[in-house]
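# Residue-level structural notes
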Amino acid sequence: MQVFVTGATGFIGSQLVPVLVALDHEVHVLTRDASRYDGPAAATVHEGDVLKPDSYREALAGADAAYYLVHSMGGAGSFTDVDERAARAFADVATEVGLPRIVYLGGLGGDEEELSEHLASRRSVERTLADGSAELTVLRAAVVLGAGGLSFELIRDLVKRLPVMVTPRWVETPCQPIAVTDVVAYLVGVLYVDATVGNTFEIGAPEVVSYRVLMEQVGAKLGGAPRIISVPLLTPWLSSQWVGLVSDVPASVAKPLIRGLSTPVVVNDIRIRSLVPIEPTPIGTAIERAVEGEGVNPDDVIGSLRAAGVLRE
C-alpha cells in the first residue's frame, strides 16, 4: 500500500513511519526541511508544507491512504486559524487527486462539553477533513504518554521542578491517557480493518485517573511524588500564565494545553477494542517507559497487531 504521512517529523509521525516501513508499505513523508529528516531511508521524502498544495499534490496523487498528523500550536499567530487553513488545503487537494482515505489523530472530549481552544481546534480539523471526498477515520486520544510528547514533557517538568504545587481544581479532572506505542498500533491497525473506514473512535489506556494521580505516578517514577494543593480560586487560565516559567515546553504550546485540563477526556466509545483488539498498555507501564526514554519499537507494534489478529504472518 502507498501511504502518505504528514507531520512525519513530529512526536507521533516519527514513530509511525518506521512501523509502516517495516510492514513493507511504500511510504512517502512530507516535511518542511528534507535535509533535517532522519527517518528510515526507505521512505520517500517530499519537502513541502500542507498550506502550499503545489508542494505535495503530485506525491499525494498516488497514495492509497494518508495520515494527517499536523497541529500548529507553537507557531506564530492563531494556531486555530492555521489549523483550519491547513486542513482545508489538504482536504481540497485530497479531493482533487482522488485520495481514497485519510486517518487523523484528534483529541478526546465529549461533543456536549465546552471544549478548550486546543480541543475545539482539533474538532474543527475533523469536520474540515470530512468535508472532502476522502473517507476519514478519526482516532481521538487524550494525553499520549511517551518521551518527547509535549503533554508528557509538560507533566514531567512540573513534577520535577515543583515538589509542592498549588493548582486549580483541574487536578481532579478525569483523564484517560494512552501509551504512544498503543497510539501507533491503532493508527497502523485501522489501515487493515475495513470497518474503521469513515468512522470516529476513542482510544485510551485501561484505566481512568485524575491529573493529580497522573502527576503523582510520574513523580513516583522520577523518585518522589509532588505534594499537590488544590485551590478553587486559581483558574486554568491563571495557572497557564506561570507554567512557561517552570517547563521547557514552549509557552505557546503549554498554555493551550493547560487551559484544556478542565475538560474531562475519557473514553466513552469502546468499539475500537473489538475492531483492533490490541492489549492496552497500563498507565504505570507507559509512564515507566516514557521516563526511561523508550521509543516505539516497530517489532512490538507489529507483534501486538499480529497477536490481535489484525495482521497475518
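The following refers to the structure shown. Treat the numbers as computed from the prediction; the structure is a model and nothing was measured. (Residues numbered from 1 in each chain as written. Predicted model: local features only at pLDDT ≥ 70, side-chain atom pairs only at ≥ 80, totals over all residues. Heavy atoms only, no water.)

## Observations concerning the overall build of the protein
The helix and strand inventory of the protein stands at 12 helices and 13 strands. Looking at the protein as a whole, 54% of its 313 residues qualify as buried. A fraction of 77% describes how many contacts in the protein between residues 6 or more apart in sequence connect residues 24 or more apart. Of the roughly 13,300 Å² that the protein leaves accessible, carbon and sulfur atoms contribute 49%. (Helix = DSSP H or I, 4+ residues; strand = E, 2+ residues; numbered from the N terminus. Buried < 20%, exposed > 50% of the residue type's maximum accessible area, 1.4 Å probe, protein only. Contact = heavy atoms within 4.5 Å. Areas by Shrake-Rupley, 256 points an atom, 1.4 Å probe, with all protein chains shown as cover.)

## Thoughts on the sheet that holds strand β11 (residues 200-202)
Spatial ordering of the open sheet is given by β3-β2-β1-β4-β5-β6-β11, a layout of 7 strands whose pairing is parallel. Whereas interior strands pair on both sides, the edge strands pair on one side only; in this sheet they are β3 (44-47) and β11. Adjacent strand axes in the sheet meet at a mean angle of 20°, parallel and antiparallel pairs treated alike. The pairing of strand β6 (residues 135-141) with β11 spans 3 bridges and is classified as parallel. (Pairing = 2+ DSSP bridges. Axes fitted to C-alpha atoms, helices over the stretch in contact; angles between N-to-C directions.)

## With respect to helix α11 (residues 283-291)
Inspection of α11 places Ile283, Ala286, Ile287, Ala290 and Val291 among the buried residues, and these make up the whole buried set. Axial view of α11: buried residues confined to an arc of 130°, hence all on one face. Against the buried residues of α11 lie β7 (144-145), α5 (150-161), β10 (178-179), β12 (209-210) and α7 (211-222). Downstream of α11 by one or two residues, Gly293 has phi in the positive range, about 80°. (Arc of directions from axis to C-beta.)

## A short note on the layout of surface pockets
By volume, the second largest pocket is sized at about 240 Å³. Forming the boundary of the second largest pocket are 20 residues, of which Thr181, Asp182, Thr281, Arg289 and Asp300 lie nearest the centre. Of the residues that constitute the lining of the second largest pocket, the class distribution is 9 nonpolar, 6 polar and 5 charged. (1 Å grid on protein atoms, 1.4 Å probe; cavity = no way out; pocket = protein on both sides within 12 Å on 5 of 7 lines; lining within 4 Å. Points joined across faces, edges and corners; volume = space filled by probe spheres on them. Nonpolar A, V, L, I, M, F, W, Y, C, P; charged D, E, K, R; others polar.)

## A closer look at the pattern of salt bridges
The final tally for this structure, using the stated rule, is 11 salt bridges. The salt bridge involving Asp81 is made with Arg85; its shortest N-O contact spans 3.2 Å. Pair noted here: Asp81 and Arg85 are both in helix α3 (residues 79-97), with a separation of 4 residues, about one helical turn. A relative accessible area of 42% places Arg85 in the partly exposed class. With its nearest N and O atoms 2.8 Å apart, the salt bridge here joins Arg271 to Asp269. Note on Arg271: relative accessible area 36%, which makes it partly exposed. (Salt bridge = Lys/Arg side-chain N within 4 Å of Asp/Glu carboxyl O.)

## Points about the nonpolar core
Within the largest apolar cluster, 45 residues are counted, with the highest numbers of intra-cluster contacts made by Val5 and Tyr67. Counting residues per element, the ones that place at least two in this core are β1 (2-5), α1 (13-22), β2 (26-31), β4 (65-68), β5 (101-107), β6, α6 (180-189) and α12 (298-307). Not counting the four nearest positions on each side in its chain, Tyr67 is found in contact with Val3, Phe4, Val5, Thr6, Leu16, Leu20, Val103, Leu187, Val188 and Leu191. The next biggest cluster of nonpolar side chains, apart from the first, holds 26 residues, and it includes Leu119, Ala205, Val267 and Ala286. (Core = buried A, V, L, I, M, F, W, Y, C linked by side-chain atoms within 4.5 Å.)

## Some thoughts on the environment of Ala65
Along the chain, Ala65 falls in strand β4. Residue Ala65 is classed as buried on the basis of its relative accessible area of 2%. In this structure the C-alpha to C-alpha distance between Ala65 and Ala94, which are 29 residues apart in sequence, comes to 9.9 Å. When residues no more than four places from it in sequence are discounted, the contact partners of Ala65 are Met1, Gln2, Val3, Phe4, Leu99, Arg101 and Leu191.

## A few points about the side chain of Ser210
Of note, Ser210 is situated in strand β12. Discounting chain neighbours no more than four positions away, the residues touching Ser210 are Val171, Glu172, Thr173, Pro174 and Cys175.

## Examining the packing of α5 against α7
One way to put it is that α5 packs onto α7 with a least axis distance of 9 Å and a crossing angle of 70°. As summarised for this structure, α5 and α7 are arranged roughly perpendicular, according to the angle between their axes. α5 and α7 meet at a crossing whose hand is right-handed. In contact with Phe152, Ile155, Arg156, Val159 and Lys160 of α5, α7 contributes Leu214, Met215, Val218, Gly219 and Leu222. Among the residues forming the contact of α5 with α7, the class breakdown is 7 nonpolar, 1 polar and 2 charged. (Parallel < 35°, antiparallel > 145°, perpendicular 65-115°, else oblique. Left-handed = near helix turned anticlockwise from the far one by under 90°.)

## Some thoughts on the packing of aromatic side chains
Following the criterion strictly, the structure yields 4 aromatic pairs and no others. On the basis of an interplanar angle of 35° and a centroid distance of 6.4 Å, the ring pair of Phe4 and Tyr56 is categorised as tilted. Of the two residues, Phe4 sits in strand β1 while Tyr56 sits in the loop between β3 and α2 (57-61), which places them 52 residues apart along the sequence. Using a relative accessible area of 1% as the deciding quantity, one classes Tyr56 as buried. Judged by centre distance (5.1 Å) and plane angle (50°), the rings of Tyr68 and Phe90 are tilted. Of the two residues, Tyr68 is situated in strand β4 and Phe90 in helix α3; the sequence distance between them amounts to 22 residues. According to the relative accessible area criterion, Phe90 is buried, its value standing at 0%. (Phe/Tyr/Trp six-rings, centres within 6.5 Å; stacked < 30°, edge-to-face > 60°.)

Remember that the coordinates give geometry; whether it matters functionally is a separate question.
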